[in-house]
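Notes for the structure review
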Amino acid sequence: MNEIDGTDESVRAQLEELRDSIDNIDAAVVHMLAERFKCTQRVGRLKAEHRLPPADPSREARQITRLRELAENAKLDPAFAEKLLNFVIAEVIRHHETIAREPVPGAADEGRDG
Ligand SMILES: O=C(O)C(=O)C[C@]1(C(=O)O)C=C[C@@H](O)C=C1
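What comes next concerns the included structure.

The rules behind the values
Residues numbered from 1 in each chain as written. Predicted model: local features only at pLDDT ≥ 70, side-chain atom pairs only at ≥ 80, totals over all residues. Heavy atoms only, no water. Helix = DSSP H or I, 4+ residues; strand = E, 2+ residues; numbered from the N terminus. Buried < 20%, exposed > 50% of the residue type's maximum accessible area, 1.4 Å probe, protein only. Contact = heavy atoms within 4.5 Å. Areas by Shrake-Rupley, 256 points an atom, 1.4 Å probe, with all protein chains shown as cover. Expected span 1.5 Å × (residues − 1). 1 Å grid on protein atoms, 1.4 Å probe; cavity = no way out; pocket = protein on both sides within 12 Å on 5 of 7 lines; lining within 4 Å. Points joined across faces, edges and corners; volume = space filled by probe spheres on them. Nonpolar A, V, L, I, M, F, W, Y, C, P; charged D, E, K, R; others polar.

**A look at the overall build of the protein chain**
- Helix and strand content of the protein chain: four helices and zero strands.
- Put simply, the protein chain runs from its N terminus to its C terminus through helices and strands in the order α-α-α-α.
- By the burial criterion, 16% of the 114 residues in the protein chain qualify as buried.
- Long-range pairs, those at least 24 residues apart, make up 59% of the contacts in the protein chain with a sequence separation of at least 6.
- Only carbon and sulfur atoms are counted for the fraction: they give 57% of the accessible area of the protein chain, which is about 9400 Å².

**Some details on helix α2 (residues 57-73)**
- Between its first and last C-alpha, α2 extends 24 Å over 17 residues, near the 24 Å set by a 1.5 Å rise per residue.
- Where α2 is buried, its residues touch α1 (9-49) and α3 (78-101).

**Concerning the layout of surface pockets**
- If you add up the space inside the largest pocket, you get close to 590 Å³.
- As for the largest pocket, its lining consists of 17 residues, of which L33, R36, L67, L84 and L85 are closest to the centre.
- Mapped onto the lining of the largest pocket, the elements with two or more residues apiece are α1, α2 and α3.
- Considering every element that reaches the lining of the largest pocket, the biggest residue donor is α2, with six residues.
- Classifying every residue of the lining of the largest pocket by side-chain character gives 13 nonpolar, one polar and three charged.

So this is what it looks like as structure tokens:
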């Protein structure tokens, strides 16, 4: 037992080791999400330049089917995986909509003359 707070030393050591791994995993998740958003920002610009709609529901349906299967194989709750993907995609669509409202560099100013 620890004299200060009464917690067993080995329990504290195990908790610390597990938390170190959790911190590493969280860092990896942040870096992976940052890379994903770099890609989706490029998709957003491409879509805006070619006047494509921000959302693509059929692509989303395929992604969800694929992710649910991956989750099941990885013993992760597929419903959670689906919710997470939907949460990320909703943010991406918000970004796409923002980009679509921005003027396209080099394009004529359509708003000026009508
Ligand atoms: O693939 C696209 O068309 C995207 O815009 C990317 C993305 C995604 O984040 O994966 C986002 C919105 C679409 O509805 C589908 C997929």
